[in-house]
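As a plain string of letters, each chain reads:
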Amino acid sequence: MTTLRPLHNGWTLTAVSGGPRIQAVPATVPGCVHTDLLAAGLIDDPYLDDNENRLSWIGRTDWRYDTAFTWTDDGHDRTDLVCQGLDTVATVVLNGTVVGTTANQHRSYRFPVRHLLHEGENTLSVRFSSAYTYAEAQRSALGHRPGPYTEPFPFIRKTASNFGWDWGPTLVTAGIWKPIGLESWSGARLAEVRPQLTLDGADGRARIAVRVERADELPVTVDAEVAGIHVRTVLRPGERTAVLELDVPTPALWWPRGHGAQNRYDLTVRLTGASDGTRTDGTRTDGTCADDTRADDTWQRKVGFRTVEVDQETFAFTVNGTRLQIRGANWIPDDCFPSRITRARLAERLDQAVGANMNLLRVWGGGTYESEDFYDLADELGLLVWQDFLFACAAYPEEDPIRSEVEAEARENITRLTPHPSLVLWCGNNENIWGEADWEWKGELAGRSWGAGYYYDLLPSLLAELDPTRPYVPGSPYSGRPDLPANDPAQGPIHVWDVWNEKDYTHYATYTPRFVSEFGFQAPPAHATLRRSVSGELHQDAPFVLHHQKADDGNGKLLRGLGEHLPQPAGYDDWHYLTQLNQARAITYGVEHFRALAPHCNGTIVWQLNDCWPVTSWAAVDGDARPKPLWYALRRAYADRLLTLQGDDLVLINDGTTTWSGEARIDRYRFDGELLASDTHKLDVPPGAPERLPLSAAVTTAADPAGELIVATFDGSRTVRLFTEDAAAALPAPAFDTRTERTATGYRVTVTARSLLRDLALFPDRLDPDATVDDMLTTLLPGESATFDVTSSADLAPDALTGPPVLRCVNQVVRRTV
């Protein structure tokens, strides 16, 4: 029987070099230095104001975690100290003896320690050397590598964004960030289980590779069972690996969300000691036999049967023979301190992805391989996962000791993640191939390695060995071959960053890509998030507000990005509303354009879903988990069925599984609600390619462009377009009536328009930080109504819910500037 004893209690933290004198502070394991110092009241919250600036010493200090525990001989042959995650450069000492060293946050370590344990009290220490000290030494030894920042993240196998990014703080962590404990076992244990599930027609096959570690050379039995099918084999003395295969007739398939059920099966692999009468020829059997209990170890996961293909040129994803349109977002670490990321928190965030009608998350290469909870939740929800290997935006050395650590972490994480049907693509890196080709790296590299050997050789070789069932792409962006331009829209995935950095968002319309795996536009977080994280004045140029903006000239780009679309803001309230609105419009514009190009364009992955702290960024959900207006806009733009006006065409997009039928009505109105022209068409839109409906000149030609708009409806869907930008439109002074009612969960606010109301939104977090609203960004014609359901337990004044800065529309700002 294998037994695991967690060692999570009684830890203390001590600074052993540099920085303030800190001695034996109570520590939480799993955790990290920052969270322990914060809990002890020794540092200010690094997420507030500019406190981050005064905490850089933490990453340049050596630290020691200490604990003591009582041990009694349990009678097993072996006892290992199992460290599931040490961040990062660590020396592990048990009872005064060094048992091992580590230099990789992204893998686990196992040290045999039974010979060092003794009855009674034992001491365990883990000393962490500064990540900077290690990485800077490697940089000195291996030579400079180009990248976006001066920080040495390419020279250590650690979360790159710990060292700061254009959306994240520089908080270089250290600590026991995953569980640690003693595992005792006898005879043999399951060292590795790696299932490969495939389909042969309607039937499934499970091929299960097993590796055991032995304490003796007696025969052991390995049993595997899935979907009621059982197989057994025996490992003879000296044998340490086996492959078990099971045929599963017509299994229920795992499907991405929106295309079917997420059927999964329990896969159980059990290792037991074989009794003398057990067969040793590996013959399958559905029966049982007597086992001894010397070796007893069980591995169990939920698995799913499905197929996946990705065309390397078109970048079309096909699952179970069904071609998909990808509607996704990039995922970054949800907190700088990962021990704070619970399953419940991940469930909330992935539910937000589903709520925005996403079907894929890309785990970005500057973060970490996510927890089992993340992938299990993705399996449950039918969210596809694109997994980057952990290389981002820089040249990486291919020499040891880095290369050996890269191979070890890749082997471990490929094996760990193979059971998950949601995982559909491995990607070698983020932007490194593009950087080497187009970012003037070659001169800086001066012939030094930059990562090509990883992306073109090591990683695909490991996948061919360990996970041949999943597609692999060497990088994002990537155009199919090393000799082709890396960011070529003609093939493979591209990144679009000239919009936001340089050009107006209407420039998205100049692209006809096969797939867009990064594009984004910034906005500040929710008001309540900014207010919590910034003391003093709230103003776009206030020092603390600027500290929570990490992008180069970020706030300048926010204002320039308003362009001719919206007026320049007069103060904080307008700045906050207009820049959030502009983010939502910019991404909507891009998403709808790219979706209308299907099947030429096969998907979009917005940068980004989430934030790791309170910051102005590209995220749809801010660092305090509050959805921005962008989230509501994505919910519409990523809907299975989308109505969009593209040029003089109405485009109907049906990514559902059934035909979309109804009558399309396209009306041209004056702003005062007078109907000027109409088109109607009865349509049946099958799943697949968009339906383009050319509109008549009577609808698309305005007599008074500044005072007219188009409204298109179809089967409950609606889209609105003005003939001019809002800043040039003759928007009327906003006139409306409101009614506020108490409900069981908060308040219901009904707004009835007496004038055109442009992009009506309600921000209840201005009154109650915990308040949420069910919808926003609705344009109303005179006589139309919109209802907003506000969830709040606070006692809110009805009048406060129905005026600025809570209830907003563009008219309020445009009228003030004309």
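The structure under discussion appears in the preceding block.
Every chain is numbered independently, its residues counted from 1 as its sequence is written. Since the coordinates come from a predicted model, pLDDT governs what is reported: local features require at least 70, and pairs of side-chain atoms require 80 or more to be given and counted, while whole-chain, interface and lining totals use all residues. Calculation of side-chain values draws on the structure's entire complement of heavy atoms; hydrogens and water are dropped beforehand.

*Asks:* What is the right way to read the pattern of salt bridges from this model?
*Replies:* Where charged atoms from two side chains of opposite charge approach closely, those side chains can pair. What counts as a salt bridge is simple: a side-chain nitrogen of Lys or Arg found within 4 Å of a carboxyl oxygen of Asp or Glu. This model, assessed by the stated rule, comprises 71 salt bridges. Note that arginine 808 is salt-bridged to aspartate 574, the shortest N-O span being 2.9 Å. Linking arginine 808 in strand β46 (residues 807-808) with aspartate 574 in helix α14 (residues 572-596), this pair joins segments that are 234 residues apart in sequence. Pair check on accessibility: arginine 808 and aspartate 574 agree, each one buried. A cluster of three or more residues bridged by salt bridges with shared partners is formed by Arg264, Arg343, Asp373, Asp376, Asp379 and Glu380. Secondary structure elements follow DSSP: runs of H or I no shorter than four residues count as helices, runs of E no shorter than two count as strands, and numbering proceeds from the N terminus. Buried, partly exposed and exposed residues are distinguished by accessible area as a fraction of the type maximum, computed with a 1.4 Å probe on protein chains only: under 20%, between the cut-offs, and over 50%, respectively.

*Asks:* It is not clear to me how the sheet that holds strand β2 (residues 12-17) should be interpreted in this structure. Could you clarify?
*Replies:* One key point about sheets: their strands pair by backbone hydrogen bonds, in either a parallel or an antiparallel sense. Only strands that DSSP links by at least two bridges are regarded as paired with each other. An order of β3-β2-β4-β10-β7-β8 is seen for the six strands of this open sheet, with the pairing classed as antiparallel. Two strands close off the open sheet at either side, each with one partner strand: β3 (25-26) and β8 (97-103).

*Asks:* Help me understand the nonpolar core in this model?
*Replies:* Taken as a class, soluble globular proteins show a tendency for nonpolar side chains to be buried jointly. Judged by nonpolar contacts, the single largest core of 171 residues is most densely connected at Phe317, Leu361, Phe389 and Leu634. For this core, the leading source of residues is α14, giving 10 residues. If near-sequence neighbours (up to four positions away) are discounted, phenylalanine 389 is found in contact with Gly365, Tyr369, Ala410, Ile414, Trp426, Cys427, Gly428, Asn429, Leu459, Leu463 and Tyr472. The criterion is simple. A nonpolar core is a set of buried Ala, Val, Leu, Ile, Met, Phe, Trp, Tyr and Cys residues joined through side-chain atoms within 4.5 Å. Core analysis: the next-biggest nonpolar cluster, separate from the first, contains 36 residues, Leu13, Ile58, Phe111 and Phe128 among them. Throughout, a residue-residue contact means that at least one pair of heavy atoms, one from each residue, lies within 4.5 Å.

*Asks:* Before we go on, may I ask you to explain the environment of asparagine 610 in this structure?
*Replies:* Inspection of the secondary structure assignment puts asparagine 610 in the loop between β32 (603-606) and α15 (629-637). Taking the relative accessible area as the measure of exposure, asparagine 610 reaches 0% and is therefore buried. Counting along the chain gives 150 residues from asparagine 610 to leucine 760, while the straight-line C-alpha distance between them is 24 Å. Polar contacts, as used here, are pairs of N or O atoms within 3.5 Å; protein pairs need one atom able to donate a hydrogen and one able to accept it. Residues neighboring in sequence count only if both atoms are side-chain atoms. In terms of polar contacts, asparagine 610 uses its side chain to reach the side chain of aspartate 334, at 3.0 Å.

*Asks:* Please clarify how the packing of aromatic side chains should be interpreted in this entry.
*Replies:* Any pair of aromatic rings gets described here by the distance separating the centres and the angle formed by the planes. The criterion for an aromatic pair is that two Phe, Tyr or Trp rings (for Trp, the six-membered ring) have centres within 6.5 Å, with stacked assigned to planes under 30 degrees apart, edge-to-face to planes over 60 apart and tilted to the rest. Summed over all chains, the structure comprises 43 aromatic pairs. The interplanar angle of 55° and the centroid separation of 5.2 Å between the aromatic rings of tryptophan 434 and tryptophan 439 together place this pair among those described as tilted. Note on tryptophan 434: relative accessible area 13%, which makes it buried. Tryptophan 439 gets classed as partly exposed once you look at its relative accessible area, which sits at 31%. Note on tryptophan 500 and tryptophan 618: the rings are 5.9 Å apart at their centroids and 80° apart in plane angle, and the pair reads as edge-to-face.

*Asks:* I would appreciate a short explanation of the side chain of glutamate 409 in the present structure.
*Replies:* Relative to the helices and strands, glutamate 409 resides in helix α6 (residues 402-417). On the accessibility criterion, glutamate 409 (1% relative accessible area) is buried. Here the side chain of glutamate 409 touches arginine 157 through a polar contact of 2.8 Å, side chain to side chain. In this view, glutamate 409 contacts Asn104, His106, Arg107, Arg157, Tyr369 and Leu390; residues no more than four positions away in its chain are not counted.

*Asks:* Looking at this structure, how should I read the environment of valine 813?
*Replies:* With respect to the helices, strands and loops of the structure, valine 813 is situated in helix α17 (residues 810-817). A residue is classified by how much of its surface remains accessible, and valine 813, at 1% relative accessible area, is buried.

*Asks:* What should I look at first to understand the pairing of strand β18 (residues 229-235) in this one?
*Replies:* Among the seven residues of β18, six are classified as buried, and the element is accordingly described as predominantly covered. In this structure, strand β17 (residues 220-226) lies alongside β18, joined through seven bridges in antiparallel fashion. The residue of β18 that forms the bridge with glutamate 225 is histidine 230. Taken together, β17 and the strand that follows it, β18, pair antiparallel across an intervening segment of two residues, in which alanine 227 is found at a positive phi of about 55°.

*Asks:* Explanation requested: the sheet that holds strand β45 (residues 785-791) in the structure shown.
*Replies:* Spatial strand order, β40-β41-β45-β43: four strands in an open sheet with antiparallel pairing. Looking at strand neighbours, the two that pair on one side only are β40 (736-742) and β43 (772-773), the edges of this open sheet. In the sheet, β43 pairs with β45 via two bridges, with the strands oriented antiparallel. Paired with valine 773 across the strands is valine 790, a residue of β45.

Read these as geometric descriptors, not functional statements.
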